[in-house]
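One letter stands for each residue in the lines below.
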Amino acid sequence: MTGLTARVPAKLNLQLAVGPPRADGYHDLVTVFHAVSLFDEVTVTAAARDAVTVTGEGADRVPAGRDNLALRAVTALRAAARRAGAGAAAGGVQVTIRKRIPVAAGLAGGSADAAAAMVACNELWGAGLPLPRLVQVAATVGSDVAFALLGGTAVGRGRGERITPALAPATAYHWVLAFADGQLPTPEVYAALDRLRAARADGPASPARPELDPSLMSALRAGDARLVGRALSNDLQEAAMSLRPSLRKTVAAGLELGAVGAVVAGSGPTCAFLAANAERALDLAVSLSGAGVCRSVARVTGPVPGALLIRGEDRPGPPAAPLRSPP
Ligand code: C5P
């Protein structure tokens with residue numbers, strides 16, 4: 001039996017506003033997710049029991065057992081399919097992940113793989129769960145998984161799992177990603193933010209409720225890269241830089257070399273630079289890679305769709321379910 005393959009993008013956060021820690025250890029946040037054209041591919045094949053194989057960029061650092069997020073997504077989807085009476089064929093699966101999204105780099109690669117595994121298994125099992133149901137299941141798997149199903153540009157609330165697509169014109173933004181050596185584990189960056197806030201003498205220990213930035217939203221509505229660049233913000237940036245001081249140099253270099261905006265991707269250590277257009281992005285990528293401030297660079301565009309089945313090389317098929325807004 002041949003497998004089914006889904007392709008899924010990395011994400012950036014154009015805004016990441018983080019509130020105080022909650023009782024469950026998570027932080028309430030308001031974020032603007034933005035899916036970019038750096039893709040992992042996930043193939044699922046019927047098998048006697050669930051297993052995962054990972055190849056490509058940073059594969060040795062992805063957990064291969066039960067802790068693997070894609071396997072956890074498969075388990076959650078199987079339970080949902082069975083509850084819906086659509087899980088007669090929901091047997092074991094071999095999940096094969098081909099990574100191009102660096103691991104623990106702030107780009108939600110693990111969440112992306114989980115979303116792709118869900119889309120592919122939904123099809124493999126003929127479960128036919130609609131997208132809003134997939135989004136609900138995704139939210140139980142990880143904070144960023146629901147967005148990876150939807151893609152585009154969208155506002156995330158709660159711990160990031162409550163998604164509303166952002167209304168914006170079809171502008172293509174041109175980004176340069178600067179990849180760093182090594183990783184920054186997300187929980188450590190959130191913990192560093194809590195410590196920094198607690199130690200701040202000049203303000204309250206608890207930050208205010210996170211709010212959506214109106215200047216970013218109006219920049220997106222205008223489709224103006226310069227305005228978007230100016231409005232990029234990330235509350236985790238300072239925390240990531242406290243753990244990895246070299247990121248300050250990377251961000252400063254990108255701005256000096258002509259980026260119209262710069263932001264650490266999620267919890268880092270990847271840095272994302274917005275360019276005014278495709279040509280500027282190429283110039284920036286070339287000069288940044290020569291500046292010695294990162295491991296490597298990639299040019300990407302956004303927004304792009306979320307997890308999609310692919311039927312041949314780089315030929316996205318229809319999504320496993322009609323694209324509708326989540327509940
Ligand atoms: O949900 P996910 O497994 O992606 O989250 C990874 C970790 O990031 C959590 O265990 C938590 O430490 C931190 N986190 C958080 N608040 C969020 C999202 C993630 O504190 N809203």
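To keep things clear, this report deals only with the structure shown in the data block. (Residues numbered from 1 in each chain as written. Predicted model: local features only at pLDDT ≥ 70, side-chain atom pairs only at ≥ 80, totals over all residues. Heavy atoms only, no water.)

1. Let's talk about the state of the cysteines
Two cysteines joined by a covalent bond between their sulfur atoms form a disulfide. A full pass over the atoms with the stated rule returns zero disulfides. Looking at the unpaired C294, the closest cysteine sulfur is the one in C271, lying at 8.2 Å. (Disulfide = S-S within 2.5 Å.)

2. Let's talk about the nonpolar core
Burial of nonpolar side chains together is a common tendency in soluble globular proteins. In this structure, V95, L107, W125 and W175 are the most contacted members of the largest nonpolar core, which totals 85 residues. The leading source of residues in this core is helix α2 (residues 109-124), at 10 residues. Membership of the second largest hydrophobic core comes to 29 residues, among which are Y190, A192, L193 and M241. (Core = buried A, V, L, I, M, F, W, Y, C linked by side-chain atoms within 4.5 Å. Buried < 20%, exposed > 50% of the residue type's maximum accessible area, 1.4 Å probe, protein only. Helix = DSSP H or I, 4+ residues; strand = E, 2+ residues; numbered from the N terminus.)

3. Remarks on the site of the ligand
Within the structure, the ligand sits among G25, Y26, H27, L29, G142, S143, R159, T186, P187 and Y190. Contact distances for the ligand include 2.7 Å between an oxygen atom and a side-chain N or O atom of H27. A distance of 3.1 Å separates a nitrogen atom of the ligand from a polar atom in the backbone of R159. Relative to its unbound accessible surface of 460 Å², the ligand loses 77% to contact with the protein. Breaking the shell around the ligand down by element, the ones donating at least two residues are β2 (27-47) and α5 (186-199). Looking at the shell around the ligand residue by residue, the classes come out as four nonpolar, five polar and one charged. (Near = heavy atom within 4 Å. Polar contact = N/O pair within 3.5 Å; in protein donor to acceptor, adjacent residues only side chain to side chain. Areas by Shrake-Rupley, 256 points an atom, 1.4 Å probe, with all protein chains shown as cover. Nonpolar A, V, L, I, M, F, W, Y, C, P; charged D, E, K, R; others polar.)

4. A closer look at the sheet that holds strand β11 (residues 296-302)
The strands making up a sheet associate through hydrogen bonds between their backbones, and the pairing can be parallel or antiparallel. Spatially, four strands are ordered β9-β10-β7-β11 in an open sheet, and the strand pairing comes out antiparallel. The outermost strands of the open sheet, each flanked by one partner alone, are β9 (261-264) and β11. Taken pair by pair, the neighbouring strands of this sheet meet at an average axis angle of 25°, ignoring direction. Pairing of strand β7 (residues 173-179) with β11 involves seven bridges; the strand directions are antiparallel. If you follow A178 over to β11, its bridge partner there is V297. (Pairing = 2+ DSSP bridges. Axes fitted to C-alpha atoms, helices over the stretch in contact; angles between N-to-C directions.)

5. Here we look at the pattern of salt bridges
Summed over all chains, the structure comprises 10 salt bridges. The shortest N-O distance in the salt bridge between R78 and D50 comes to 2.8 Å. Here R78, found in helix α1 (residues 69-83), pairs with D50, found in the loop between β2 and β3 (51-56); they are 28 residues apart in sequence, far enough to count as distant. Judged by relative accessible area, which is 11%, R78 ranks as buried. Residue R295 pairs with D181 through a salt bridge whose shortest N-O separation is 3.9 Å. Of the two residues, R295 sits in the loop between α10 (278-290) and β11 while D181 sits in the loop between β7 and α5, which places them 114 residues apart along the sequence. Overlapping salt bridges bring together R22, D24 and D28 as one network. (Salt bridge = Lys/Arg side-chain N within 4 Å of Asp/Glu carboxyl O.)

6. Considerations on the side chain of H27
Within the secondary structure, H27 is located in strand β2. Among the polar contacts made by the side chain of H27, one reaches the side chain of D194 at a distance of 2.9 Å.

7. Quick look at the pairing of β9
Across the two faces of β9 the burial is the same, with G261 and V263 and A262 and V264 all buried. Pairing geometry for β9 and strand β10 (residues 271-275), over four bridges, is antiparallel. In the sheet register, V264 faces β10, and the bridge partner there is C271. Adjacent in sequence and paired antiparallel, β9 and β10 are bridged by six residues, among which G266 carries a positive phi angle near 50°.

8. Let's talk about helix α6 (residues 214-222)
Within the span of α6, buried status applies to L216, M217, A219 and L220. One side of α6 holds all its buried residues, which, seen down the axis, span an arc of 160°. For α6, the exposed residues lying more than 90 degrees away from the buried face are P214, R221 and A222. On its buried face, α6 is in contact with β1 (4-21), β2, β5 (153-157), β7 and α7 (225-231). G223 sits one or two residues past α6 and shows a positive phi near 65°. (Arc of directions from axis to C-beta. Contact = heavy atoms within 4.5 Å.)

9. A short note on unusual backbone geometry
The step from G268 to P269 runs through a cis peptide bond, and the omega angle for that step is 5°. Here the residue pair G302 and P303 is connected by a cis peptide bond, since its omega of 0° sits within 30 degrees of zero. Residue placement: P303 occurs in the loop between β11 and β12 (308-312). The phi angle at A108 is positive, at roughly 60°, despite the residue not being glycine. Within the fold, A108 resides in the loop between β4 (92-99) and α2. Classification of A108 by relative accessible area gives buried; the value is 16%.

10. A closer look at α10
The end-to-end C-alpha distance of α10, which contains 13 residues, comes to 19 Å, matching closely the 18 Å that a straight helix rising 1.5 Å per residue would cover. Regarding α10, the residues found buried are A281, L284, A285 and L288. Angular distribution of buried residues about the axis of α10 spans 105°; they occupy a single face of the element. Turned more than 90 degrees away from the buried face of α10 sit E279, V286 and G290, all of them exposed. On its buried side, α10 packs onto β7, α9 (246-256), β10 and β11. Regarding α10, its N-cap is N277, as a side-chain oxygen of that residue lies 3.1 Å from the backbone nitrogen of E279 further along. Just downstream of α10 lies G292, where phi reads positive at about 70°. (Expected span 1.5 Å × (residues − 1).)

Remember, this is a structural readout, not a statement about activity or role.
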